[in-house]
Amino acid sequence: MDTDKYRPVGEYNKWYTSKVRLIMATTEDPQKYFLDTFLRRIPIRVQLKDFSQRPLTERIELVSSLFLKEAHKLEKQIIISSEIMNALTFNEYSGNIGTLKNLIKISCAQAYAACTDKRLEITTAVFPGKLTMQKTLDTLVIDPNQKQSLLSNYNKYNYSDHLENLLQQVLKNVDIQIIKNKLEKFLLLIKNENDYNFEDYQSRNLLHLWNNYVVERYGVVNSLSTFQLCLTLKNTVLYLNQQLLNSVYKKICQKYCRTTYIVETFFKKIAFFNEDKVLLLKIVTALLISDFVNEKININGLIIAHGKSTASSIQEVVNQLCGNYIYEAIDMPINSSLTDVVDQVKKYLHDQSSLHDLILIIDTGSLNQIYTLLKNEIKGNLIVINNLTTSIALDVGIKINSQQNFIDITKELKPYYRIDIKSFDGFSDKNNIIISCMSGLGISRQLKIILKKYLKNNFKIYTMKYNQLKEMIDKNDNDFFKKTVLIITTSNLPPSFLIPHFNIYNIFDSKNSNLFQEILVNQIGLKKYNTLIKELIKFFSIEGISARLHLLNPKIVINDIETVILRYENYLEYNFPEKTRLNLYMHLALMLERLLLSNKKSDSDKLPAVTDQKKINFLNISKKILHPLELKYNVSVSNYEISLLYELMSS
């Protein structure tokens, strides 16, 4: 390549010269499979996106054109079912376009073999590829007499100047209703001049999705024809200032918070257009459908339920009956935890451009914990109702839609329903004990089982993650825990925290177990207390650790952890007392198993930058001490896990 010389295959003596330009194509990653010395000799490299990464419009166009070729060859009409269209356009293919062509050819060949009339039906029975859960696209019909592309309706005129002038008026605070009227007339002009009928495949799918998602689910009735008018811009060639579009959309988001939330969620569901086109469609759609959304509502409603469509079904009924967007809904998997529910609510709150008061209706869950974990996330008031039914959601929805204030809604709900509406400021309204262990919820739950045998109904016992407990302590004062009798942990809490708290490992030290003994003896008596202590010591023994390892061999793990503990003692020049040693055994063993079983990334990315030199030194030495353990068990111990070890040893 450098000298323009070559030898034909089989020639060993004579060299030939040639001035040629080599054009090569590959579906592989050149950086992985080609030598750097070879890549340096390729002056121009063009990277085309994989089929699955291209805009949906382009994917539909390509699939349609490939079927059109087959229709011309076979001289038959081809009907592609929605399942096959979704599979072809949304799946990823290792061979890229080549694989796509083969799938279409094989499907047509098998359909042709089974064909008895003038049309081929491409269904799952003849499709050799895998299907997908996507349901975005509808059935496509390909006519053999068709010559032009399905998506080739481009305008004959340049409308950019006119539209840009309208958008400028938004920024100049011209009467918004006047702008809407002008915009609607402008879109009708485009529609009539270009003879758009919205019968093309892409438009039909978009209108179908809008009807199912916005009209039915969000209750924005009578908006379908308006959205159809907005679609006149989808294939119109426009050259608009990007900065102008961003400024206009920002202003629209501020003025029409509820409308833009619906528009945003809808366009997140589709991937038909590039970013510039999506932004323009968001602006036009939000402006024109804002007349169908009540922006005066200042209370947000949110429904959360377990099941594939429980919450969204109730949302759909209530929003349609109210004729407006009242509720958002989140369908949670059956096995979702309280933390998963709270995370979904936080995500919803983050997506709100303006959030006032919130009424949250859930099917199940601890009201007080949900309230506690959410109350600092919103500026306004919060009500959590733990009794989800369609009638309750509808009653609350009607009150929200009639723009009643938060206090009046609260007063009206309490007398009529036997439901628990929580708007108190505290962790719990009952005497309680909180158990939070650094090594995970597993130990906390086991301790809860042991304690419940002796405490019976004396206290409500809660378990929670250690980082959740610390977050609650950081964000709230002592009054927040006024009903909390005792907090049980496996590490020491800050001295400034005045609520009674006890490190469970202090049961090995009679001098430090006075608080635990004093609180429990008063409740269960000395005899039961001594029996409880014996059971707790057994639980925290080496046998207790072994019984809680489900995957790892306890004998091997304990020996490996012993080596790690000895290395830490050598580094610190300090021998850990028995309770700390037992704590480290338990923590490290369960940490190893947790890292092996979990595919999730740890919370290491959430840690703030470490500036304390002692912590930095501990972090560095820990990486060396734990490295043999990482190699043996094929795990990675994150900075977050090391920070827990530091806190455990420090305490």
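Above this note sits the structure.
K.L.:
I'd like a rundown of the sheet that holds strand β4 (residues 119–122), residues and numbers included.
P.N.:
Taken together, the three strands give an open sheet; going across it, the order is β4-β3-β5, and neighbouring strands pair in mixed fashion. The sheet is open, and its two borders are formed by β4 and β5 (140–142), each paired with just one other strand. When strand polarity is set aside, the average angle formed by the axes of neighbouring strands in this sheet is 15°. Judged from the three bridges that link them, strand β3 (residues 77–80) and β5 form a sheet pairing that is antiparallel. Along β5, the bridge assignment pairs Ile 80 with Leu 140. Strands in contact with helix α5 (residues 97–113) are β3 and β4; relative to β4, the strand with the most contacts, it is inclined by about 125°.

K.L.:
Please give an account of the nonpolar core that cites residues and values.
P.N.:
Within the largest apolar cluster, 82 residues are counted, with the highest numbers of intra-cluster contacts made by Leu 183, Phe 266, Ile 283, Ile 304 and Leu 360. Contacts of Leu 360, omitting those with residues within four sequence positions, involve Leu 302, Ile 304, Val 345, Ile 370, Leu 374, Ile 383, Val 384 and Ile 385. Counting 63 residues, the second largest nonpolar core, distinct from the first, contains Leu 447, Leu 590, Phe 618 and Val 635.

K.L.:
Let's hear about the environment of Gly 129: which residues, and what values?
P.N.:
Of note, Gly 129 is situated in the loop between β4 and β5. For Gly 129, a relative accessible area of 25% corresponds to the partly exposed category. In this structure, the C-alpha to C-alpha distance between Gly 129 and Tyr 93, residues 36 residues apart in sequence, is 9.8 Å.

K.L.:
I'd like a description of the sheet that holds strand β12 (residues 460–463), backed by residues and values.
P.N.:
Strand order in this open sheet of four strands is β12-β11-β13-β14, and the pairing throughout is parallel. Edge positions in the sheet fall to β12 and β14 (501–503), since each has one partner strand and no second. Across this sheet, the average inter-strand angle for adjacent strands is 20°, counted without regard to direction. Across five bridges, the pairing between strand β11 (residues 432–436) and strand β13 (residues 484–489) is parallel. Following the sheet pairing, Ile 435 is matched in β13 by Ile 488.

K.L.:
Report on the packing of helix α13 (residues 310–322) against helix α16 (residues 390–401), specifying residues and quantitative values.
P.N.:
The geometry of α13 relative to α16 is characterised by a closest axis approach of 10 Å and an angle of 40° between their N-to-C directions. Considered as vectors, α13 and α16 are oriented oblique to each other. For the pair α13 and α16, the sense of crossing is right-handed. Between α13 and α16, the contacting residues are Ile 314, Val 317, Val 318, Leu 321 and Cys 322 on the first element and Thr 390, Ala 393, Leu 394, Gly 397, Ile 398 and Asn 401 on the second. Residues that form the contact of α13 with α16 fall into these classes: eight nonpolar, three polar and no charged.

K.L.:
Explain helix α25 (residues 613–633) to me, and be specific about the residues and the numbers.
P.N.:
Its 21 residues give α25 an end-to-end C-alpha distance of 30 Å, which sits within 8% of 30 Å, the value for a rise of 1.5 Å per residue. The sharpest bend along α25 measures roughly 45° and falls at Leu 626, with the proline Pro 628 sitting one to four residues further on. The set of residues buried in α25 consists of Phe 618, Leu 619, Ser 622, Ile 625, Leu 626, Leu 629, Glu 630 and Tyr 633. One or two residues past the end of α25 sits Asn 634, with phi positive at roughly 55°.

K.L.:
Break down the pairing of β12 for me, citing the residues and quoting the values.
P.N.:
Of the pairings in the sheet, the one linking β11 to β12 comprises four bridges and is parallel in character. Directly across from Asn 432, in β12, lies its bridge partner Lys 460. This β-α-β element, β11 to helix α18 (residues 441–455) to β12, shows right-handed connectivity.

K.L.:
Report on the side chain of Lys 76, specifying residues and quantitative values.
P.N.:
In this structure, Lys 76 sits in the loop between α3 (56–74) and β3. Of the buried charged residues, Lys 76 lacks a salt bridge, with Asp 117 as the closest side chain of opposite charge at 5.9 Å. In this view, Lys 76 contacts Ala 71, Tyr 112, Cys 115, Asp 117, Lys 118, Leu 120 and Pro 144; residues no more than four positions away in its chain are not counted.

K.L.:
Which residues make up helix α11 (residues 257–268), and what values go with them?
P.N.:
For α11, which comprises 12 residues, the first-to-last C-alpha distance of 16 Å matches the rise-based estimate of 16 Å (1.5 Å per residue) to within 8%. Where burial is concerned, most of α11 is hidden: 10 out of the 12 residues are buried.

K.L.:
Lay out the environment of Arg 217 in plain terms, naming residues and giving numbers.
P.N.:
Turning to its location among the elements, Arg 217 is positioned in helix α8 (residues 201–217). Given a relative accessible area of 17%, Arg 217 falls into the buried group. Within polar-contact distance, the side chain of Arg 217 engages the side chain of Gln 315 at 2.6 Å.

K.L.:
Can you explain the packing of helix α23 (residues 554–572) against α25? Please cite residues and give values.
P.N.:
Running from amino to carboxyl end, α23 crosses α25 at an angle of 160°, the nearest separation of the two axes being 11 Å. Classed by the angle they form, the pair α23 and α25 counts as roughly antiparallel. The element α23 and its partner α25 pack so that their crossing is right-handed. Seen from α23, the contacting residues are Ile 556, Val 557, Asp 560, Val 564, Arg 567, Tyr 568 and Tyr 571; seen from α25, they are Asn 617, Phe 618, Ile 621, Ser 622, Ile 625, Leu 626, Pro 628, Leu 629, Lys 632 and Tyr 633. For the contact of α23 with α25, the residue count by class is 12 nonpolar, two polar and three charged.

K.L.:
Go over the packing of aromatic side chains, please, and point to the residues and values.
P.N.:
Evaluated as defined, the whole model comprises 16 aromatic pairs. On the numbers, 6.0 Å between centres and 15° between planes, the contact of Tyr 261 with Tyr 325 is stacked. One end of the pair, Tyr 261, is in helix α11; the other, Tyr 325, is in the loop between α13 and β7 (327–332), with 64 residues separating them in the sequence. Accessibility assignment for this pair places Tyr 261 and Tyr 325 in one class, buried. With 5.9 Å between their ring centres and 85° between their planes, Tyr 574 and Phe 576 make a pair best called edge-to-face. The rings of Tyr 213, Tyr 218, Tyr 261, Tyr 325 and Tyr 348 are connected pair by pair, giving a single aromatic cluster. Lying across the ring of Trp 15, Arg 7 places its NZ or CZ 4.2 Å from the centre. Between the NZ or CZ atom of Arg 258 and the centre of the ring of Tyr 325, over which it lies, the distance is 4.5 Å.

K.L.:
Please give an account of the pattern of salt bridges that cites residues and values.
P.N.:
The tally for this structure, following the rule as stated, stands at 11 salt bridges. One salt bridge in this structure joins Lys 632 and Asp 560, with 3.0 Å as the shortest N-O distance. Here the residue Lys 632 occupies a position in helix α25, and Asp 560 occupies one in helix α23, the gap between them amounting to 72 residues. Taking the relative accessible area as the measure of exposure, Asp 560 reaches 16% and is therefore buried. A single salt-bridge network, built from bridges that share partners, covers Asp 395, Lys 399 and Glu 412.

Calculation notes
- Residues numbered from 1 in each chain as written.
- Predicted model: local features only at pLDDT ≥ 70, side-chain atom pairs only at ≥ 80, totals over all residues.
- Heavy atoms only, no water.
- Pairing = 2+ DSSP bridges.
- Helix = DSSP H or I, 4+ residues; strand = E, 2+ residues; numbered from the N terminus.
- Axes fitted to C-alpha atoms, helices over the stretch in contact; angles between N-to-C directions.
- Contact = heavy atoms within 4.5 Å.
- Core = buried A, V, L, I, M, F, W, Y, C linked by side-chain atoms within 4.5 Å.
- Buried < 20%, exposed > 50% of the residue type's maximum accessible area, 1.4 Å probe, protein only.
- Parallel < 35°, antiparallel > 145°, perpendicular 65-115°, else oblique.
- Left-handed = near helix turned anticlockwise from the far one by under 90°.
- Nonpolar A, V, L, I, M, F, W, Y, C, P; charged D, E, K, R; others polar.
- Expected span 1.5 Å × (residues − 1).
- Bend = angle between axes of the 7 residues up to and from the residue.
- Right-handed = clockwise from strand over helix to strand, strands pointing away.
- Lys, Arg positive; Asp, Glu negative; His and termini not counted.
- Salt bridge = Lys/Arg side-chain N within 4 Å of Asp/Glu carboxyl O.
- Polar contact = N/O pair within 3.5 Å; in protein donor to acceptor, adjacent residues only side chain to side chain.
- Phe/Tyr/Trp six-rings, centres within 6.5 Å; stacked < 30°, edge-to-face > 60°.
- Lys NZ or Arg CZ within 6 Å of the ring centre and 35° of its normal.

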